[in-house]
Amino acid sequence: MDGSPAAEGTALVVIDMINTYDHEDAELLVPAAGRIVQVVADLIGRARKADAAVVYANDNFGLWRSHHGELLDRALATPHAALVEPVRSDEGSLFVVKARHSVFYETPMAYLLWRLGVGRLVLCGQVTEQCVLYSALDAHIRHLDVTVPSDAVASIHPRLGAAALEWNAC
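Treat the numbers as computed from the prediction; the structure is a model and nothing was measured. (Residues numbered from 1 in each chain as written. Predicted model: local features only at pLDDT ≥ 70, side-chain atom pairs only at ≥ 80, totals over all residues. Heavy atoms only, no water.)

**As for helix α1 (residues 26-49)**
The end-to-end C-alpha separation of α1 is 32 Å, in line with the 34 Å expected for 24 residues at 1.5 Å each. The largest bend in α1 amounts to roughly 40° and is located at I36. Looking at α1, one finds that the buried residues are A26, L29, V30, A32, A33, I36, V37, V40, A41, L43, I44 and A47. For α1, the secondary structure elements touched by its buried residues are β1 (9-15), β2 (53-59), β4 (118-126) and β6 (153-154). Trailing α1 by a residue or two, D51 shows a phi angle of about 60°, which is positive. (Helix = DSSP H or I, 4+ residues; strand = E, 2+ residues; numbered from the N terminus. Expected span 1.5 Å × (residues − 1). Bend = angle between axes of the 7 residues up to and from the residue. Buried < 20%, exposed > 50% of the residue type's maximum accessible area, 1.4 Å probe, protein only. Contact = heavy atoms within 4.5 Å.)

Take a look at the structure:
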């Protein structure tokens, strides 16, 4: 991508997959994350092969002085490293640290996508009924086309995750 503002490209946004699983509701999320990790890894591989932008948007675990390498190292040092290793960022990946649910809220994501010429997003990761939903809604109001593959998102509460996916399809 040449950085022009034409909005023709596609980006894969990987939401909160660099995760320590040391938080409230983690015991409900871990099995769901286990079901999607290979699908997300395959999406990342396909995006990289197609030379599409891969953007990791991740919480920072409250470590405001941290950077993507430190976040990855911390996640890989947990008992749930097997959920992180297959989807880890590489040197070609872009990384946006987020503070709240949406990948757009108080981040440079919109500007980054504009500079990359992205007009279509594929969102994957966790949590469907929280960060994925809010990010999809925020992308929509920015006139971006959004796809959320249902087999590439994990929910804490399956009923709410299904409702979020149904709502996103409208």
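**Details of unusual backbone geometry**
A negative phi angle characterises most non-glycine residues, just as the trans form characterises most peptide bonds. A cis amide bond links Q126 to the next residue, V127, at an omega of 5°. With respect to the secondary-structure elements, V127 resides in the loop between β4 and α4 (128-141). In this structure, D51 takes a positive phi of about 60° despite not being glycine. Its place among the elements puts D51 in the loop between α1 and β2. Judged by relative accessible area, which is 60%, D51 ranks as exposed. The phi dihedral of H143 falls on the positive side, at around 65°, and the residue is not glycine. Secondary-structure assignment places H143 in the loop between α4 and β5 (145-147).

**Details of a nonpolar patch on the surface**
A cluster of nonpolar side chains, namely Y134, L137 and W167, defines an oily patch on the protein surface of about 310 Å² accessible area. As for its position among the elements, Y134 is in helix α4. On the accessibility criterion, Y134 (38% relative accessible area) is partly exposed. (Patch = residues over 30% accessible without salt bridge, like charges linked within 9 Å, V, L, I, M, F, W, Y side chains within 5 Å. Areas by Shrake-Rupley, 256 points an atom, 1.4 Å probe, with all protein chains shown as cover. Salt bridge = Lys/Arg side-chain N within 4 Å of Asp/Glu carboxyl O.)

**Points about the packing of aromatic side chains**
Applying the stated criterion across every chain yields a total of two aromatic pairs. For the ring pair Y56 and F95, a centre distance of 6.4 Å and an interplane angle of 15° mean the geometry is stacked. Here F95 lies in strand β3 (residues 94-98) and Y56 lies in strand β2, a separation of 39 residues in the sequence. (Phe/Tyr/Trp six-rings, centres within 6.5 Å; stacked < 30°, edge-to-face > 60°.)

**Thoughts on the pattern of salt bridges**
Here the structure, examined in full by the defined rule, presents four salt bridges. Residue D16 is joined to K98 by a salt bridge in which the shortest nitrogen-to-oxygen separation is 3.0 Å. In this pair, D16 sits in the loop between β1 and α1 while K98 sits in strand β3, placing the two residues 82 residues apart along the sequence. Linking E85 and R88 is a salt bridge whose minimum nitrogen-to-oxygen distance equals 3.0 Å. Overall, the relative accessible area of 40% leaves E85 in the partly exposed class. Residues joined by salt bridges that share partners form a network here, namely D16, D59 and K98.

**Describing the environment of A26**
With respect to the helices and strands, A26 occurs in helix α1. The class for A26 is buried, based on a relative accessible area of 7%. Separated by 130 residues in the primary sequence, A26 and I156 place their C-alpha atoms 8.0 Å from one another.

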